[in-house]
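# Chain and residue survey
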Amino acid sequence: MSDMSDLRTIAKTKVRRACAECEKTIEIGSCAIRRFTVDGNDHFEAFSHIECDDAGQAYAHMTDNWGDDYWHLWELNEGEDLMWLLNHHPMAADRVGAPQRVMRWAMERRRL
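Worth saying up front: this structure is predicted, and the values here are computed from it rather than measured.

Thresholds, definitions, all that
- Per-chain numbering applies: the sequence of each chain, read as written, is numbered from 1 onward.
- Local features in a predicted model are, by the rule used here, given only for residues with pLDDT of at least 70; side-chain atom pairs are given and counted only at 80 or more, and totals for whole chains, interfaces and linings are based on all residues.
- The side-chain quantities take in all heavy atoms of the structure and omit both hydrogens and water.
- In DSSP terms, a helix is any run of H or I states spanning at least four residues, a strand is any run of E spanning at least two, and both are numbered starting from the N terminus.
- Three labels apply to residues, based on accessible area from a 1.4 Å probe with only protein chains included: buried if under 20% of the type maximum, exposed if over 50%, partly exposed otherwise in between.
- Only one rule defines a salt bridge in this text: a Lys or Arg side-chain nitrogen within 4 Å of an Asp or Glu carboxyl oxygen.
- The pairing criterion is simple: DSSP has to find at least two bridges between the two strands.
- Axes here refer to lines fitted to C-alpha atoms; in helices the fit is confined to the stretch in contact. Angles between the N-to-C directions go from 0 to 180 degrees.
- Buried Ala, Val, Leu, Ile, Met, Phe, Trp, Tyr and Cys residues that are joined via side-chain atoms within 4.5 Å together make up what is termed a nonpolar core.
- Residue contacts are counted whenever heavy atoms from the two residues lie within 4.5 Å of one another.

## Considering the overall build of the protein
Across its full length, the protein holds four helices and five strands. When the elements of the protein are put in sequence order from the N terminus, they spell out β-β-β-β-β-α-α-α-α. Expressed as lengths along the three principal axes of its C-alpha atoms, the size of the protein is roughly 50 × 35 × 20 Å. Relative to its full complement of 112 residues, the protein shows a buried share of 33%.

## Observations regarding the pattern of salt bridges
Tallied over the entire structure, the rule returns six salt bridges. Between Arg 8 and Asp 6 there is a salt bridge, and its shortest N-O distance comes to 2.8 Å. A relative accessible area of 24% places Asp 6 in the partly exposed class. Here Arg 95 makes a salt bridge to Glu 51, at a shortest N to O gap of 3.1 Å. Of the two residues, Arg 95 is situated in helix 3 (residues 90-95) and Glu 51 in helix 1 (residues 50-63); the sequence distance between them amounts to 44 residues. Among the charged side chains, a network of salt bridges with common partners joins Asp 6, Arg 8, Arg 34 and Glu 45.

## Considerations on the sheet that holds strand 4 (residues 32-39)
Strand order in the open sheet formed by three strands is 1-4-5, with antiparallel pairing between adjacent strands. Either end of the sheet is taken by a strand with one partner, and the two such strands are strand 1 (4-10) and strand 5 (42-48). Put simply, the sheet's adjacent strands are angled 10° from each other on average, direction ignored. As paired strands, strand 1 and strand 4 are joined by seven bridges and run antiparallel to one another. Directly across from Met 4, in strand 4, lies its bridge partner Val 38.

## Describing the nonpolar core
The biggest cluster of nonpolar side chains holds 18 residues, and the ones touching the most others in it are Cys 52, Leu 73, Leu 76, Leu 85, Ala 92 and Val 96. The contacts of Leu 76, once residues within four sequence positions are left out, are Tyr 59, Trp 71, Asp 81, Leu 82, Leu 85 and Arg 101.

## Notes on unusual backbone geometry
Even without glycine at this site, Glu 23 takes up a positive phi of about 70°. Along the chain, Glu 23 turns up in the loop between strand 2 (17-18) and strand 3 (25-26). Here Asp 64, not a glycine, exhibits a phi torsion of approximately 60°, which is positive. By the secondary structure assignment, Asp 64 is in the loop between helix 1 and helix 2 (79-88).

This is the structure in structure tokens:
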């Protein structure tokens, strides 16, 4: 359990940052989500595209993976998970290359 956490929507970013969910750049002037957590002596700050944050939170709720079990979108590698992402969060799916990864997964399954 964290000591403190804060979630903010940033209307226009002032610097370029990497999205914690897709690892792509959040451009200056873009909307973003900022998450800040303090846990004992550790602190964590992450920025995400709005769409990527929505997808990451939805995936965590669906799988009940939180804390150390939390999977960022760029970590998803199972075809079923990528298909879910593609069907429910297409913009975030595109950022992590899900369409191409799903095609490779489908081709590999056909070979079996």
